[in-house]
Amino acid sequence: MTVLDLPSTRQEAWRWADMATLRAAAALPPTPAGVDPADLFLDLDGPRLCFVDGVFEPAHSRPGPVEVIRQIAATDHPLGSLAIGEGWALRLGAEHAATCIQIVHLGTGGENHVPARILLADDAVATLVETFAGTGWANRLTAIALGKGARLMRSVRLVQSEGFVSIRDEAEIGEAASLVSIFLGAGGMGSRIDGALTLTGKGAFAEMGGVLLTSGAQKQEAAVAVRHEQIEGTSRQIWRAVAADQSVASLAARVEVARGAQQTDGEQSLRGLLLQRTATVNLKPELEIFADDVKCAHGATVGELDRNALFYLESRGIEAPQAKALLTHAFVADALARIGEEPVREAFLADAATWLEAAL
Amino acid sequence: MLNIQNLHAEIDGKEILKGLTLSVNAGEVHAIMGPNGAGKSTLGYVLGGRGGYEATSGSVTFDGQNLLELAPHERAAAGLFLGFQYPVEIPGVSNVQFLREAANAQRRHRGEAQLSGAEFLKLARAQAAALGMDAEMLKRPVNVGFSGGEKKRNEMVQMGILNPKLAILDETDSGLDIDALKAVGEGINRIMRAPDKAVLLITHYQRLLDYVKPDFVHVLADGRIVRSGGPELAHELEREGYGALAA
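Just so you know, these numbers come straight off a predicted model, no measurement behind them.

The rules behind each value
Residues numbered from 1 in each chain as written. Chains lettered and ligands numbered in written order. Predicted model: local features only at pLDDT ≥ 70, side-chain atom pairs only at ≥ 80, totals over all residues. Helix = DSSP H or I, 4+ residues; strand = E, 2+ residues; numbered from the N terminus. Rg over C-alpha atoms; globule rule 2.2 N^0.38 Å. Buried ≥ 20, exposed ≤ 12 C-beta atoms within 10 Å, placed from the backbone. Contact = placed C-beta atoms within 7 Å. Pairing = 2+ DSSP bridges. Nonpolar A, V, L, I, M, F, W, Y, C, P; charged D, E, K, R; others polar. Expected span 1.5 Å × (residues − 1). Core = buried A, V, L, I, M, F, W, Y, C linked by C-beta atoms within 7 Å. Axes fitted to C-alpha atoms, helices over the stretch in contact; angles between N-to-C directions. Left-handed = near helix turned anticlockwise from the far one by under 90°.

Undergrad: Hey, could you run me through the overall build of chain B in this one?
TA: Check the secondary structure of chain B and you find 7 helices and 12 strands. Radius of gyration (C-alpha) of chain B: 18 Å, near the 18 Å computed for a compact globule of 247 residues. Across its three principal directions, the C-alpha atoms of chain B cover 55 × 40 × 35 Å. In chain B, which comprises 247 residues, the share counted as buried stands at 46%. Considering only contacts within chain B whose residues lie at least 6 apart along the sequence, 71% involve residues at least 24 apart.

Printed below as a string of C-alpha cells:
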C-alpha cells in the first residue's frame, strides 16, 4: 500500500506535486498497451533494455554491459525509496565506454517501480536514452556515481499518454567528472522530475534541465537541487516550460554552494511560456551560497509569445499557427540543444514539435 | 495598385488616421513625410494588418481586393511587404529558416511550387551579396545581435527574396550610416523599381530620397494627407520644416 506513504502538498518541497494524478495512475487497471515496445527505441546501434510494467522484457532487449539485478533503495526520498526490486545497473571500469544505451519503460496501468544504478569509474564514458510510454504510474530511482573524469550524458523523454511518471536522481559527481541529464516531458501524463546532484570533486560539472510541455488539466514539475561541495565546480539548470489550457508546469531549482566551494560557476535559467492565460507556470529559483568567490547567474521569467515577433513573422507570409509554432519551438530548442548526440536531439525536438502541433 | 479612400483608424480607441486618401499606381514611388506623431507608422501597420490597429471607416483596396479583410499573411502572399522601422529580434530562429518558411508559405498560398533547400539558399545568398550582407549572417538568429544598419539591410534582403509587388517601408533610413543608406537605397531601386511594382516610403527626413527618387511626395499631418507634390516638395520640407506646411 505504497500510496498511503505519499508526500503531502503541505510540505514546501511538494507544494506543486500532483499526487491526485499519481494515485489515480496507480489505480488504473492494466490494459493492453497497443504499443510495440520495439517502436519506442530510436534507430541507434547500442544496448537496449525494455521494461514493461517495471518487469524486464528480454525479448525486446539486448542489455550489453547493463546488468538486470534486484536492488535496495538507499535513499530517504519519499518516492525514490519505493523503487526497490528488479532494476538495472551500469558499472563501467576505468576508461571504459558504453554509448547509445537505450532503456524503454512501457506501462499498461497500475504502479511499477524500478531502481537503477550508474557507476562510472575514472574516465569512463556513457550515454543513455530513456523513454517512458504507455500509462500507469512509473516510479524510478537512479543512483549515479561518477569517478574522476568520468562523463555521463543522459536524455530522458516522458511521452506516456496518461498516468504519472516520477523520477528521482541522486548523483555524486567526482573530480573533473561531468553529468548532463536532459528531460523532456511531452506526453499527457503528470510528472515529478526530482534530482539531487552533489559535486563532490574539484572541477566537477553537473547539469540537469529540460523542457516540460503541458496541456489540458495536466500538471508536470521538476524539482532539482544542485550542491557544490568542492572548488571550481560548474552547474547548469536550464529549464523551459510551455503551458496551454488549464495546465500547470512548475520548476523549482536550487543551488547550494558549501563553505569553501570557491570559484563555483552556477547558472540557473527558468523560463515559462503561457499559451493561454488560463495556464499556470510556477517558478522557484533558489540560491544558498556560503562561499564568497562564486558566480551564480540566475533568471526566472514567465510570459506569453512576443506579439511583435508574431506580427513580424505573419507580415512575411507565415500563417499565425505556424508563426506561433516557430516561436514556441525556438523557445524550447535551446534547452534541448544541450543533448550532445544529434539523432537523440533530433528525436526529442521532433517529440516537442509533435506536441506543439497538437497544442497550437 | 493601392487605393486608400478616407481611411480612419484608431489604436486603443484613439483616432490616429482621420480620413486619409492616397492612390499608388504600378511603377510609382511615393514618399510619405511628416512630423512625429502624424500617423506615419500607424498607416504602415494598418496596411500590414497588425492587431490593435483598427480601421474604423474608409476603404483600402490592393489590386482590387479589399486589403482590410485579409489576414497579415494573406496580405504578404498577395504581394505586400512591410519594412519595419524596428525589425524584431527572434532568438532561436535562423534567418534562413525564417525566410524559407516565409517564401514557401507565400508560394503555398498562391498555389506555386515550393523552393527546395538548395534553391532557396542560392536565392538568399544572391540577395545577401547584392545588399553587402555577409552570407554567414543568414545562418544567425533573425536580427539577434545585428546593428541597426544590419537589421535594415536584412529587411532589404527579405524584400529581395520575397519579391513583393508593393513595399511599404517604414523609416527604413533610421539608424543607418551613409554606406548602409546607400546600400539600402540601391536595394530598393534594384528590387522595386519596375513597371509592375510600387513603393510607399514612410520617412521623417529626405536623405533616403537622395537615393530613391520619389515620383510623388505627400505630407502627412494629424492623420491626413495635407499636401502632395513632386520630388521638389521633399526639399521644400527639408528647408522650411513641417510647421509651415501643416499649418
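The discussion continues.
Undergrad: What exactly am I supposed to notice about the pairing of strand 4 (residues 85–92) of chain A here?
TA: Consecutive residues of a regular strand have side chains that alternate between opposite faces of the sheet. Residue and element names in this part refer to chain A. Bridge analysis of strand 3 (residues 66–71) against strand 4 gives 6 bridges, and the strand direction is antiparallel. Among the inter-strand pairings, V66 is bridged to a residue of strand 4, identified as L90. Across 5 bridges, the pairing between strand 4 and strand 5 (residues 97–120) is parallel. Within the sheet, the bridge partner assigned to A89 lies in strand 5 and is R117.

Undergrad: Sorry, what's going on with the sheet that holds strand 4 (residues 53–62) of chain B here?
TA: Within a sheet, neighbouring strands are paired by backbone hydrogen bonds and run either parallel or antiparallel to one another. Residues and elements named next belong to chain B. A sheet is described by the order of its strands in space; here 4 strands give the open sequence 2-1-4-5, paired in antiparallel fashion. Every other strand in the sheet has two partners, leaving strand 2 (14–24) and strand 5 (65–66) as the edge strands with one partner each. Sheet topology note: the strand 4/strand 5 ladder contains 2 bridges and is antiparallel. What sits directly across from F62, in strand 5, is Q65.

Undergrad: Help me understand the interface of chain A and chain B in this model?
TA: How big an interface is tends to be expressed through the accessible area that disappears when the partners come together. Every contact between the two is made by 17 residues of chain A and, on the other side, 21 residues of chain B. Elements represented by at least two residues in the side of chain A that touches chain B include exactly helix 2 (307–315) and helix 3 (320–336) of chain A. Top element by residues in the side of chain A that touches chain B is helix 2 of chain A. It accounts for 7 residues. In the side of chain A that touches chain B, the residues fall into 8 nonpolar, 4 polar and 5 charged.

Undergrad: What is the right way to look at helix 6 (residues 178–192) of chain B in this model?
TA: Two residues of an α-helix separated by three or four positions point the same way, owing to the 3.6 residues in each turn. Residue and element names in this part refer to chain B. The terminal C-alpha atoms of helix 6 lie 21 Å apart, and with 15 residues this matches the ideal 21 Å at 1.5 Å per residue to within 8%. Within helix 6, burial applies to A180, A183, V184, G185, G187, I188, I191 and M192. On its buried face, helix 6 sits against helix 4 (117–130), helix 5 (148–162), strand 9 (166–170) and strand 10 (198–203).

Undergrad: What exactly am I supposed to notice about unusual backbone geometry here?
TA: Of all residues except glycine, most have a negative phi; of all peptide bonds, most are trans. The residue D53 of chain A is not glycine, and still its phi comes out positive at about 50°. Tracing the chain through its elements places D53 of chain A in the loop between strand 1 (48–52) and strand 2 (55–56). The partly exposed category is assigned to D53 of chain A, around which 19 C-beta atoms lie within 10 Å. The backbone of N143 of chain B sits at a positive phi, close to 65°, despite the residue not being glycine. By the secondary structure assignment, N143 of chain B is in the loop between strand 8 (141–142) and helix 5. Residue N143 of chain B is classed as buried on the basis of its 23 C-beta neighbours within 10 Å.

Undergrad: Honestly, the nonpolar core in this entry has me stumped. Any pointers?
TA: A general feature of soluble globular proteins is that nonpolar side chains tend to end up buried together. In terms of nonpolar packing, the biggest core is built from 179 residues, with A126 and A352 of chain A together with L201 of chain B touching the most fellow members. A126 of chain A has contacts with L90, L92, A98, T99, I101, I118, L120 and L152 of chain A, leaving out every residue within four places of it along the chain.

Undergrad: Explain the sheet that holds strand 6 (residues 80–83) of chain B to me, please; I cannot follow it from the model alone.
TA: All names here are of chain B. The 6 strands lie next to each other as 6-9-10-3-11-12, forming an open sheet whose pairing is mixed. With partners counted over all chains shown, the strands left at the sheet margins are strand 6 and strand 12 (224–229), one partner each. For this sheet, the mean angle separating the axes of adjacent strands, direction not counted, is 20°. Summarising the sheet, strand 9 and strand 10 pair through 5 bridges and their orientation is parallel. In the strand pairing of strand 10, L169 is matched with L201. In the packing of helix 1 (residues 40–48) onto the sheet, the strands contacted are strand 3 (29–33), strand 6, strand 9, strand 10 and strand 11 (216–221), and the crossing angle to strand 9 comes to about 145°.

Undergrad: What am I meant to see in the pairing of strand 9 (residues 178–185) of chain A here?
TA: Residues and elements named next belong to chain A. Along strand 9, 6 of the 8 residues are buried, which leaves the element largely enclosed by surrounding structure. As judged from the 8 bridges shared by strand 7 (residues 151–158) and strand 9, these two strands associate in the parallel manner. Within strand 9, the position partnered with L158 by the bridge is G185. As judged from the 8 bridges shared by strand 9 and strand 11 (residues 205–214), these two strands associate in the parallel manner. Bridging from a neighbouring strand, L179 pairs with A206 of strand 11.

Undergrad: How do you make sense of the environment of R91 of chain A when you look at a structure like this?
TA: Residues and elements named next belong to chain A. Relative to the assigned elements, R91 resides in strand 4. C-beta crowding within 10 Å serves as the criterion here: with 16 such atoms nearby, R91 is assigned to the partly exposed category. In sequence terms R91 and P65 are 26 residues apart; their C-alpha atoms lie 7.7 Å from each other.

Undergrad: Got a minute to help me understand the packing of helix 3 of chain A against helix 4 (residues 342–359) of chain A in this structure?
TA: For any two helices packed against each other, the geometry comes down to the angle between their axes and how far apart the axes lie. Residues and elements named next belong to chain A. Contact geometry for helix 3 and helix 4: axes closest at 10 Å, N-to-C directions at 145°. Here helix 3 and helix 4 pass one another in a crossing that is right-handed. Contacts from A325, T328, H329, V332, A333 and L336 in helix 3 reach R345, F348, L349, A352, A353, L356 and E357 in helix 4. Here the contact of helix 3 with helix 4 is built from residues that sort into 9 nonpolar, 2 polar and 2 charged.

Undergrad: What should I look at first to understand helix 3 (residues 95–109) of chain B in this one?
TA: The first and last C-alpha atoms of helix 3 of chain B sit 21 Å apart over 15 residues, in line with the 21 Å expected at 1.5 Å per residue. Every buried residue of helix 3 of chain B is listed here: N95, F98, L99, R100, E101, A102, A103, A105 and Q106 of chain B. Against the buried residues of helix 3 of chain B lie helix 3 of chain A together with helix 2 (72–77), strand 7 (90–94), helix 4, strand 8 and helix 5 of chain B.

Undergrad: Please clarify how the environment of G188 of chain A should be interpreted in this entry.
TA: Residue and element names in this part refer to chain A. Relative to the helices and strands, G188 resides in the loop between strand 9 and strand 10 (190–199). The partly exposed category is assigned to G188, around which 17 C-beta atoms lie within 10 Å. Taking the C-alpha atoms as reference points, G188 and E162, 26 residues apart in sequence, are found 4.9 Å from one another. If sequence neighbours within four positions are ignored, G188 has contacts with S161, E162 and Q218.

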